[in-house]
Amino acid sequence: MFAAERRQLILEMVRANGAVSLRELARVVQTSEVTVRRDVRALEAEGLLDRRHGGAVLPGGFTRESGFPQKSHLATAEKTAIADLAANFVEEGEAIVVGAGTTTQELARRLARVPGLTVVTNSLLVAQALAHANRVEVVMTGGTLRGSNYALVGSGAEQSLQGLRVSRAFLSGSGLTAERGLSTSNMLSASVDRALVQAAAEVVVLADHTKLGTDTMFQTVPTDLITRLVTDEPPAHDDRAATELQALADQGVQIAVAGGSGGQGGDAVPARHQQQRRDVPLPAPRRGQIPGTPAGLRAASMLGEQSPGGERARVADLRRR
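For the structure given in this document, a descriptive report is provided here. (Residues numbered from 1 in each chain as written. Predicted model: local features only at pLDDT ≥ 70, side-chain atom pairs only at ≥ 80, totals over all residues. Heavy atoms only, no water.)

**As for a nonpolar patch on the surface**
A contiguous nonpolar patch, built from Leu124, Met140, Leu145 and Tyr150 and spanning about 340 Å² of accessible area, is present on the exposed surface. As for its placement among the helices and strands, Tyr150 is situated in the loop between β7 (144-146) and β8 (151-153). (Patch = residues over 30% accessible without salt bridge, like charges linked within 9 Å, V, L, I, M, F, W, Y side chains within 5 Å. Areas by Shrake-Rupley, 256 points an atom, 1.4 Å probe, with all protein chains shown as cover. Salt bridge = Lys/Arg side-chain N within 4 Å of Asp/Glu carboxyl O. Helix = DSSP H or I, 4+ residues; strand = E, 2+ residues; numbered from the N terminus.)

Spelled out as structure tokens, the structure:
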């Protein structure tokens, strides 16, 4: 087991139990107490846990990560609207990567209708949603299964993504801020998401309004690498989400807003809000971004042709300005 994987497992045990002895940690990760003590010391230096005599405990302010059953019942109407809108940015014959998450799972269900699509994913849920799509090819990464979100993580997943190049990546996460970008509370998930980003010419983040302004431990995508955010319309009283949206737009992130009821749960999105969006022109190529895409893939400069409806005209008008 690599040190990063071992320390992530230690963190997950502490989060699940609140406090764990060094002896128990050493037994689970199958190493010596001396090595575990060194890992705990390193994690404490990062502020991820606190050492106690003979063990480790949760630091103040950090909470346990919600599992899939809890996440799947949060903001369901908003996730549906976001997935509906995000699917419009995928074209026939594209090659894309889709990360793990409940929102990306909703997106995958809609991608099953896109012919000639190739989807690379580390999510069992995304793969399952596309399993019976006759005209969609699904490529799964290797790695170790993380049961809490049904995702493949670890060095195997990251290595399988080396040398890959696709048109865009669709990712979700635990929080999104203009200052740090997309983040998650799991170290191994963050590492795989970063590898997915490296494989894509564009990055599309799917995040409902409850994640806007929330900052979690591990950064996955810095703001300057996010091409587009697909989100729902924040409630009128949610000043934090609205402020964060404006700050993201000011930093060059293109914002697409799918209208919704604004509350958590619910079965439908009001018709008067469906498919609304506020778009900001694509930013200039980011530092370290490879210009252009391989043959057969759509370049970022062709976004106007990819967008549905009258968006092409709006983008052209903004460029003339």
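From this point, the discussion proceeds with the structure in view.
**Examining the side chain of Glu106**
Its place among the elements puts Glu106 in helix α6 (residues 102-111). Ignoring sequence-local partners within four residues, the contact set of Glu106 consists of Lys79, Thr80 and Ala83. (Contact = heavy atoms within 4.5 Å.)

**Looking at the pairing of strand β5 (residues 117-121)**
Of all 5 residues in β5, 4 are buried, a share of seventy percent or more. Direction of pairing for strand β4 (residues 95-98) relative to β5: parallel, over a ladder of 4 bridges. Bridge pairing in β5 places Val98 opposite Thr121. At this point the chain moves from β4, through α6, to the parallel β5, and the crossover so formed is right-handed. Here 5 bridges tie β5 to strand β6 (residues 136-140), and the two strands are oriented parallel to one another. The partner of Val119 across the bridge, within β6, is Val138. Since β5 and β6 lie parallel, the crossover through helix α7 (residues 124-130) that links them has a hand, and here it is right-handed. (Buried < 20%, exposed > 50% of the residue type's maximum accessible area, 1.4 Å probe, protein only. Pairing = 2+ DSSP bridges. Right-handed = clockwise from strand over helix to strand, strands pointing away.)

**Structural notes on the sheet that holds strand β9 (residues 166-171)**
Reading across the sheet, the 7 strands line up as β6-β5-β4-β9-β12-β14-β15 and stay open at both edges, with parallel pairing between neighbours. Of all the strands in the sheet, just β6 and β15 (254-258) have a single pairing partner and so form its edges. Geometrically, the sheet is characterised by an average inter-axis angle of 20° between neighbouring strands, direction not taken into account. Bridging between strand β14 (residues 228-232) and β15 involves 5 bridges; their strand directions are parallel. Looking at the pairing, Leu229 lines up with Ile255 of β15. (Axes fitted to C-alpha atoms, helices over the stretch in contact; angles between N-to-C directions.)

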